[in-house]
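# Analysis of the macromolecular model
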Amino acid sequence: MDKKVAVFRREHFNAAHRLYNSNWTEEQNAACFGKCSYPNYHGHNYELEIKVVGTVNEETGFVMDTKKLSDLAQELVLEKFDHKNLNLDVEEFKHKNPTAENIAIAIYNLLRPHIDSALELYIRLYETPRNFVEYPV
Amino acid sequence: MVYLTRVEHFNAAHKLYNQAWSSEKNEEVFGKCANANWHGHNYELYVTVKGKPNPDTGFVCDVKQLSLLIKEQVIEKVDHRNLNMDVDFMKGKLCSTENLAIGIWNELQPHLPAEVQLHCIKLYETPRIYVEYFGE
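Conventions adopted
Residues numbered from 1 in each chain as written. Chains lettered and ligands numbered in written order. Predicted model: local features only at pLDDT ≥ 70, side-chain atom pairs only at ≥ 80, totals over all residues. Heavy atoms only, no water. Contact = heavy atoms within 4.5 Å. Buried area = accessible area lost by both parts, 1.4 Å probe. Salt bridge = Lys/Arg side-chain N within 4 Å of Asp/Glu carboxyl O. Helix = DSSP H or I, 4+ residues; strand = E, 2+ residues; numbered from the N terminus. Expected span 1.5 Å × (residues − 1). Bend = angle between axes of the 7 residues up to and from the residue. Buried < 20%, exposed > 50% of the residue type's maximum accessible area, 1.4 Å probe, protein only. Polar contact = N/O pair within 3.5 Å; in protein donor to acceptor, adjacent residues only side chain to side chain.

## Describing the interface of chain A and chain B
In this assembly, 24 residues from chain A lie in contact with 24 residues from chain B. Across the chain A to chain B interface the summed buried area is about 2000 Å²; carbon plus sulfur atoms make up 47%. Of all residues in chain A, Asn40(A), Asn45(A) and His83(A) give up the largest surface area on contact with chain B, accounting jointly for 32% of the area buried on that side. Our count for the contact surface shared by chain A and chain B stands at four salt bridges. A salt bridge links Lys32(B) to Asp82(A); the shortest N-O distance between them is 2.5 Å.

Now the structure itself:
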């Protein structure tokens, strides 16, 4: 059984954010980020897809136990991000713009150390049903 | 009578917080929705009007006109905004999905074309939570 299989776990969280570069003027921020830079924040229902790729373990039949993957997502990601203000409440974005791109990278970095290094990890993050990002590619 | 629905969407921040209560009571009732620094949603708005198709056009009303009206009267006021802080028609009200649906009804209703009646505001806060308001 050396064939690779991808397993997916879907999770979701709701959060407020704004896109703002504090090194720029208000005008530069407005020109680049438009209404996403409004001062009092806006928010999204984020949909998170975690993909783990590897060979099937002969004893369990699993690539990875999705319950364990779900628990990791809950503890490491959702408890940190869900019903939070990404700019104000989340350490990773104290000095970084909480774009979907940067959120996906942050989620990858949070999960990676806790998943067997023999397994590949990929993150897909939907900011809206029509805007989504993937990392790594 | 035909019921016609236009779907629009907006993104906004909010929190559920009753000013008259202590922080502890708010947390007890609203849980993580009371987070001081807000959280947010992708709202999906379904506006349903009813009327008889016009014999000349076959339309209950011009949906392009309905879409523009929803954009002017609702979306521009709420999209990428903080519902508690930035939206006049929610001032002094709890920013629940229920109250937001009622607020949207009140904003839209006076501006609809004479040939239609507003039937329902259906508002999704998440893909799994929505409310309906029929003006009753």
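Let us keep going from here.
## Let's talk about helix α2 (residues 63-78) of chain B
Residue and element names in this part refer to chain B. Helix length check: α2, at 16 residues, gives a terminal C-alpha distance of 21 Å against a target of 22 Å (1.5 Å per residue), a fit within 8%. Along α2, the helix axis deviates most sharply at Lys71, where the bend reaches about 40°. Considered for burial, the residues of α2 that qualify are Leu66, Ser67, Leu69, Ile70, Gln73, Val74, Ile75 and Val78. Contact partners of the buried residues in α2: β1 (2-14), β2 (39-51), β3 (81-82), α3 (83-86) and α4 (97-108). Sitting at the amino-terminal end of α2 is Asp62, which places a side-chain oxygen 2.9 Å from the backbone nitrogen of Lys64. Following α2 by one or two positions, His80 has its phi on the positive side, about 60°.

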